[in-house]
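# Structural features, examined
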Amino acid sequence: MIANAHETRPLYALGFRLAAMVMLAVMFASVKWLSGHGVHIVESLFYRQLLTLPVPIIAMIMADGLSMIRTRRPGAHVSRTLAGLMGMVFNFGAVILLPLAEATTIGFTVPIFATILSVIFLGERPGVHRWAAIFIGFLGVVVIVGAPGHFDLPWLGFIVALIAAILTSCISLLLRQISRTEHPTTTVFYFSALSLPILGVGMLYFGKMHDAQTWAVIILLGLSGGLAQLFMTSALRWGPVSLVLPMDYSSLLWSTLLGWALWQQWPGPGTWIGAVIIAMSSLYIAWRERVRHRDLVNRGVSVS
């Protein structure tokens, strides 16, 4: 059953979403630390998926049982897995190439790209308000890239981060389609399970032994990634997207603190200004989407 019968509990929803953002920041910081200590990105991807797999299995056992593994859309899960792997490669690459705060801020453009892609692939027609928000959001990216003090940041990192945001937007649209028939826990399970054989082949070439400290961070990577998925799912269980979305921008705080603590990297004023511009643009897009959804419901138009 896809629909959730739980009542709305805003404090639960907000708390879980905030916890998810902390876990995501820890996961990306782990990826960056591991890259600097000889761990190949393929290894990070493999262990992230391997150690995340128990999370949906435990969630299914605690809910309706392992019967939730049954799916009517295996092809959709394969597509989601391939897209998800590409997205993870570029998201991990972005945090490896850029300071955590800058990589996180560029990631805030996901709602902007999702709106553009919904026009291309879903035939949606944003009004002038959302197009204006998209334009302003890209101005925020320009502020970050063109700000004084950012001339020493690699352009490759910015390009990889933007590609990561575009791929994440594609994945969000794909998940919107899958969620009409599939439970979120089922989707998380298949993403981890189907990606492991692919990454396992890569491990034959890039996998190697590490010291105890590195293995500890690898375990932290997998657990934080799994907990982030669990917390994000739980947040949406207790509250709508429009309620929890603003909490995503707290990830900049955690990324900034971790970047400062581990690498003595502190974002310049251009990053903070750009982050505010992008965040306000994305939140406005989300608000306009909520207004549009409410208007369609009031007119009796199906929005399923």
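Read on for a plain summary of the structure. This one's a predicted model, so the numbers in the text were calculated from it and none came from an experiment. (Residues numbered from 1 in each chain as written. Predicted model: local features only at pLDDT ≥ 70, side-chain atom pairs only at ≥ 80, totals over all residues. Heavy atoms only, no water.)

### Re the packing of aromatic side chains
Overall, the coordinates contain nine aromatic pairs when judged by the stated rule. With a centroid separation of 5.9 Å and 35° between ring planes, the pair formed by phenylalanine 16 and phenylalanine 231 is classed as tilted. Residue phenylalanine 16 is located in helix H1 (residues 10–35), and its partner phenylalanine 231 is located in helix H10 (residues 212–238); the two are separated by 215 residues in the primary sequence. The exposure class assigned to phenylalanine 16 is partly exposed, which follows from its relative accessible area of 26%. Ring centres of phenylalanine 189 and tyrosine 190 lie 5.2 Å apart, and the angle between their planes is 80°; on these two criteria the pair is classed as edge-to-face. In terms of burial, phenylalanine 189 and tyrosine 190 fall into one category: buried. Put simply, the rings of Phe46, Tyr47 and Trp215 touch in pairs and so form one group of aromatic residues. Over the ring of tryptophan 263 we find lysine 32; its NZ or CZ atom is 5.7 Å from the centre of that ring. (Phe/Tyr/Trp six-rings, centres within 6.5 Å; stacked < 30°, edge-to-face > 60°. Helix = DSSP H or I, 4+ residues; strand = E, 2+ residues; numbered from the N terminus. Buried < 20%, exposed > 50% of the residue type's maximum accessible area, 1.4 Å probe, protein only. Lys NZ or Arg CZ within 6 Å of the ring centre and 35° of its normal.)

### A word on the pattern of salt bridges
Tallied over the full model, the rule gives two salt bridges. Its salt-bridge partner being lysine 208, residue glutamate 43 comes within 3.3 Å of it at the nearest N-O pair. Note that glutamate 43 is positioned in helix H2 (residues 41–52) and lysine 208 in the loop between helix H9 (184–206) and H10, a separation of 165 residues in sequence. The exposure class assigned to lysine 208 is partly exposed, which follows from its relative accessible area of 40%. (Salt bridge = Lys/Arg side-chain N within 4 Å of Asp/Glu carboxyl O.)

### Re the side chain of threonine 105
Here threonine 105 lies in helix H5 (residues 100–107). Residue threonine 105 is classed as buried on the basis of its relative accessible area, which comes to 0%. Within the local environment of threonine 105, its side chain forms a polar contact with the backbone oxygen of alanine 101, the two atoms lying 2.8 Å apart. Non-local contacts of threonine 105, meaning those with residues more than four positions away in its chain, are made with Ile144, Leu252, Thr271, Gly274, Ala275 and Ile278. (Polar contact = N/O pair within 3.5 Å; in protein donor to acceptor, adjacent residues only side chain to side chain. Contact = heavy atoms within 4.5 Å.)

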